[in-house]
Amino acid sequence: MSMTQDDMKRAVAQAAIAHVPNDCIVGVGTGSTANFFIDELARIKHKLQGAVASSEASARRLQGHGIEVISLNDAGTLPVYVDGADEITRHLHMVKGGGGALTREKIVAAASKKFVCVCDASKLVDVLGKFPLPVEVIPMARSYVARELVKLGGQPRLREGFTTDNGNIILDVHGLSIMNPVELETMLNNIAGVVTNGLFARRAADVLLLGSPDGVQTLVV
């Protein structure tokens, strides 16, 4: 019986539970694979103090399972953050933000000692950039930021009808081949009006749990 993409996502979500210490507050990401992880957390909720969610959607799913959602300000440093990626390299640099939660994801990742990325094998790439790079922007800066992104060789498109949990817009940047993600991440964040961008390279993942038809592979750098 061949494994579906959902089977692979479920397998990596189950594998990620081994990285969650007992009696901790766990950081939880956003998206389809993170949702499988939240469902797995429900099985061990009696061993958790609670969770910090990177989006309103994840918070609702956690609460639906009876897991207490704690604000990051109250939680302090987290032992582990588990989230998916839209693209990831073997250096564990990622593009994230397909679901639009990149800013809160980046904040929770920064506040966590260990970042465990969970995704299926289709997300592993040699070079980032085929997936359009999300950039969260203050609305009044939209056209200025778009012009700056064009100067960098990108083709920005407004994500229509979408507002982030922070009340901002997203420009999805097409046509980038990201050879130096750390440098580009810094450069983009220095554009006035950019809240943050979907490159997770300065704070890369520490562990990648990659779902494949042969099972779950673990990659560390």
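So, a few notes on the structure that sits alongside this text. Counting of residues starts from 1 at the beginning of each chain's written sequence and follows it residue by residue. Totals for whole chains, interfaces and linings use every residue, but because this is a predicted model, local features are given only for residues with pLDDT of at least 70 and side-chain atom pairs only at 80 or more, for both listing and counting. Based on all heavy atoms of the structure, the side-chain values leave hydrogens and waters out of the count.

Things to note about the pairing of strand 3 (residues 78–83)
Within a regular strand, the side chains alternate between the two sheet faces. Summarising burial for strand 3: 5 of the 6 residues are buried, a large majority. Sheet analysis places strand 1 (residues 25–28) next to strand 3, joined by 2 bridges and oriented parallel. From the neighbouring strand, G27 faces strand 3, where its bridge partner is Y81. Any two strands with at least two DSSP bridges between them are considered paired. In DSSP terms, a helix is any run of H or I states spanning at least four residues, a strand is any run of E spanning at least two, and both are numbered starting from the N terminus. Of the strand pairs in this sheet, strand 3 and strand 6 (residues 112–120) are connected by 5 bridges, and their pairing is parallel. Residue pairing across strands places L78 opposite S112, the latter belonging to strand 6. For the exposure calls, accessible area comes from a 1.4 Å probe over protein chains only, and a residue counts as buried if that area is under 20% of its type's maximum, exposed if over 50%, partly exposed in between.

Let's talk about the pairing of strand 2 (residues 50–53)
Burial along strand 2 is two-sided: G50 and V52 and A51 and A53, pointing in opposite directions, are all buried. Relative to strand 2, strand 1 runs parallel, the two sharing 4 bridges. From the neighbouring strand, V26 faces strand 2, where its bridge partner is A51. We call a crossover right-handed when, viewed with the strands running away from us, the connection from the first strand over the helix to the second turns clockwise. As for the winding sense of the linkage, the β-α-β connection from strand 1 through helix 2 (residues 32–41) to strand 2 is right-handed.

Side note on the pattern of salt bridges
In the sections that follow, a salt bridge refers to a side-chain nitrogen of Lys or Arg positioned within 4 Å of a carboxyl oxygen of Asp or Glu. Summed over all chains, the structure comprises 11 salt bridges. Here E105 ties to K96 by a salt bridge, and the two come within 3.3 Å at their closest N and O atoms. Taken as a pair, E105 and K96 share a single burial class, namely buried. Taking the shortest distance from any N to any O, the salt bridge between D120 and K123 comes out at 3.5 Å. Neither residue differs from the other here; D120 and K123 are each classed as buried. Salt bridges sharing partners connect three or more residues here, namely D83, K96 and E105.

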